[in-house]
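Survey of secondary and tertiary structure
For reference, the chains in residue letters:
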Amino acid sequence: MNSTEVRYHRRRLADVAQGMRLARTQIGREQQPRARLALHQQRRLETVVRHAAAYSPFYRTWLAETGALGSQPIDLAHLPILSRPLLMEHFDELVCDPRLHRDELLEWVGQMTRDQLYLDRYRVLLTSGSSGRPGLFVYDADGWRSIAAGFVRSADWCQLRPTVPRQRMAWVAGARPSHITRQGGATMAIGLHRILSLPVTLPLRKLVEALNRFQPTYLNVYPSIAMWLADEQQAGRLHVSPQIMATAAELRTPEMTEQLVDAFQVRPFDLYGCTEGLFGSECEYHQGIHLFEDTTLVENVDADSRPVPAGQPGARLLVTNLHNLVQPLIRVEVTDMVTVDPDPCPCGRILIRAKAIHGRNDDVLSLPARGGGQVAVHPLHFALLTADPDVREFQVHQDGPVIRILIVPRSSAGSTTADDDDLETRLSRAVARQLAQLGARDPQVTVERRHELARSAGGKLKLVIAGPSSKPVNIDTP
Ligand SMILES: [Zn+2]
């Protein structure tokens, strides 16, 4: 081992040890009064904002211009909102270390082969930007340890504990080393568990082979990949029996959950994570995703950035990372649409719970309405496609007035069914009916078969590719 590797290894052990300590403190706060959490959040917010004002040229000017530092204590609602384009445009002035430059980092990230640290110090993460706007994020040691704490905490919630013999964890995750799940997995791979990290781009046959060999006790996959694996398991080609299963990063409909339970005989935990630092997990009750508000503040807002009350769907989130001091992320826009559950969770944890994470707001289609104007169509309105026994996965494209649906049929699907309706006709009729019920004017729907669907660079399946006329709107989700 050379000296860089030794330093890296030491740093990783420290990251995990600190992450575990932080997770323990956070778990200790979960059942205490919310006032205690609020006190902690305010203290961290003051630290981050004052640090940004002192060390980030961008924030120094911006916070002064908006007068946000005038109030005492600092009022989150009066801080300016940072959009993704603004974050990228002013990257060099926004970071608190003048050695960090956007273009150099983008080039460096492109050449990463594993989870190297930049300047021996920083984790650099790139999001593919399913919205077409990539994001570059840099984490210092403390910031990254709060991410490690998120991993430890969600593992604790699903009862994943170090055991003898060791747990065998399989991750089917982002293909690039700059992806947060890849770097998170690499950080946690200090020997407590056996870890197999498989890129999502691996052909299905290879994935099945690797999983059969490894026999994971814990399996973490994207929902769309989980559905392929469920099919393989049902067909007898895959034979694994994970005790714990988790999915993340894509929409998982109730029908998909039931198919996974049928195939693997365990109820999967749904996890949430974004590179801005907001993490969350289902608890043992599986009634929505608790958001880890002690690491990041989260505000649910409408398209005009006004707060949305619990029980109503928001258009996006504003996320404030309470630990990252090298790239202060204060009220950063994240395009996930969430409805917060107004009721307390039976588990007794005080962390707010996303009743549903409906996907990204750029997944919403905007179609001409019968009575004039536009009607917003949410990705969940296409859930009837996953409910169809002959459909393995789908993707919706908006081509001008036509809704073009690409489907990958299950191997069992024939070209015709008993009632002589072929799959394409049956699905296009069902979707057109659904869109008409929502108020769309003469919806035109076509269905085409494919062997596979295009995925993003990070390996995620984008369910809806909206036309250029679609824009974020305030909507009622199904
Ligand atoms: Zn709960």
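Up top is the structure.
Residues numbered from 1 in each chain as written. Predicted model: local features only at pLDDT ≥ 70, side-chain atom pairs only at ≥ 80, totals over all residues. Heavy atoms only, no water.

1. Section: the packing of helix α1 (residues 3-29) against helix α8 (residues 180-188)
At a minimum axis distance of 9 Å, the contact between α1 and α8 shows a crossing angle of 95°. For the element pair α1 / α8, the angle class is roughly perpendicular. Where α1 approaches α8, its residues Y8, R12, D15 and V16 are matched on the opposing element by A186, T187 and M188. Each residue belonging to the contact of α1 with α8 can be placed in one class, and the counts come to 4 nonpolar, 1 polar and 2 charged. (Axes fitted to C-alpha atoms, helices over the stretch in contact; angles between N-to-C directions. Helix = DSSP H or I, 4+ residues; strand = E, 2+ residues; numbered from the N terminus. Parallel < 35°, antiparallel > 145°, perpendicular 65-115°, else oblique. Contact = heavy atoms within 4.5 Å. Nonpolar A, V, L, I, M, F, W, Y, C, P; charged D, E, K, R; others polar.)

2. Structural notes on the coordination of the zinc ion
For the zinc ion, the full set of protein donor atoms is C283 (SG), H290 (NE2), C345 (SG) and C347 (SG), at a range of 2.1 to 2.3 Å. Geometry at the zinc ion is tetrahedral, judged from its 4 donor atoms and the angles of 103 to 115° they form at the metal. Read N to C, the donor residues that coordinate the zinc ion are spaced as C-x6-H-x54-C-x1-C. Placement of C283 in the loop between β8 (279-282) and β9 (289-291) and of C345 in the loop between β13 (336-340) and β14 (353-360) is noted, with a sequence separation of 62 residues between them. (Donors = N, O, S within 2.8 Å, 3.2 Å for Na, K, Ca; no water. Tetrahedral: all angles 85-135°; square planar, octahedral: opposite > 155°, others 65-115°.)

3. Some thoughts on the sheet that holds strand β20 (residues 464-465)
Taken in spatial order, the 4 strands line up as β19-β18-β17-β20 in an open sheet, and their pairing is mixed. Strand pairing shows two members of the sheet lacking a second neighbour, β19 (444-449) and β20, which therefore form its edges. Relative to β19, helix α13 (residues 423-437) is tilted by about 145°, and along the sheet it contacts β17 (391-399), β18 (402-409) and β19. (Pairing = 2+ DSSP bridges.)

4. Some remarks on the nonpolar core
In terms of nonpolar packing, the biggest core is built from 69 residues, with L45, Y59, L79, L82, L100, L105 and Y218 touching the most fellow members. Top element by residues in this core is helix α7 (residues 141-157). It accounts for 8 residues. In contact with Y218, other than residues within four places in its own chain, are C158, L160, R168, M169, A170, I244, A246 and L271. Counting 29 residues, the second largest nonpolar core, distinct from the first, contains L365, L427, A432 and A440. (Core = buried A, V, L, I, M, F, W, Y, C linked by side-chain atoms within 4.5 Å. Buried < 20%, exposed > 50% of the residue type's maximum accessible area, 1.4 Å probe, protein only.)

5. Regarding the sheet that holds strand β10 (residues 296-301)
In spatial order, the strands read β10-β11-β12; together these 3 strands make up an open sheet with antiparallel pairing. If you trace the sheet from one side to the other, it starts and ends with β10 and β12 (332-334), each paired once. Neighbour-to-neighbour, the strand axes of this sheet turn through a mean angle of 30°, independent of strand direction. By the bridge criterion, 6 bridges tie β10 to strand β11 (residues 316-321) in an arrangement that is antiparallel. Bridge pairing links T296 to N321 in β11.

6. Thoughts on the packing of α1 against α7
Interhelical geometry of α1 versus α7 gives an angle of 60° and a closest axis separation of 7 Å. Put simply, α1 runs oblique to α7. Regarding α1 and α7, the two cross each other, and that crossing is right-handed. For the pair α1 and α7, the contacting residues are R11, A14, D15, Q18, G19, M20, L22, A23, Q26 and I27 in the first and A141, W144, R145, S146, A148, A149, V152, R153 and D156 in the second. (Left-handed = near helix turned anticlockwise from the far one by under 90°.)

7. Section: a negative patch on the surface
Taken together, the side chains of E89, D92, E93, E104 and E107 present a region of like negative charge at the surface. Put simply, the parts of the chain that give the negative patch at least two residues each are α5 (91-94) and α6 (102-110). Tracing the backbone through its elements, the reader meets E89 in helix α4 (residues 84-89). Classification of E89 by relative accessible area gives exposed; the value is 52%. (Patch = residues over 30% accessible without salt bridge, like charges linked within 9 Å, V, L, I, M, F, W, Y side chains within 5 Å. Areas by Shrake-Rupley, 256 points an atom, 1.4 Å probe, with all protein chains shown as cover. Salt bridge = Lys/Arg side-chain N within 4 Å of Asp/Glu carboxyl O. Lys, Arg positive; Asp, Glu negative; His and termini not counted. Charge placed at Lys NZ, Arg CZ, Asp CG, Glu CD.)

8. What to know about the packing of aromatic side chains
The geometry of an aromatic ring pair is captured by two quantities: the separation of the ring centres and the angle between the planes. Following the criterion strictly, the structure yields 9 aromatic pairs and no others. Arranged with centres 6.3 Å apart and planes meeting at 45°, the rings of Y59 and W62 form a pair that is tilted. In this pair, Y59 and W62 are both assigned in helix α3 (residues 57-66), 3 residues apart and thus about one turn of the helix distant. Side by side, Y59 and W62 carry an identical accessibility label, which is buried. Judged by centre distance (5.0 Å) and plane angle (75°), the ring pair of W108 and Y118 falls under edge-to-face. (Phe/Tyr/Trp six-rings, centres within 6.5 Å; stacked < 30°, edge-to-face > 60°.)

9. A short note on α3
Here α3 has its buried residues at F58, Y59, W62 and L63. The arc enclosing the buried residues of α3, seen along the axis, measures out at 105°, which places them on a common side. When the buried face of α3 is taken as reference, the exposed residues oriented beyond 90 degrees from it are A64 and E65. Each element contacted by the buried residues of α3 is listed here: α2 (34-55), α4 and α5. In the segment just after α3, G67 is the residue with positive phi, at about 70°. (Arc of directions from axis to C-beta.)

From the geometry alone we can't say anything about function, so treat these as descriptive.
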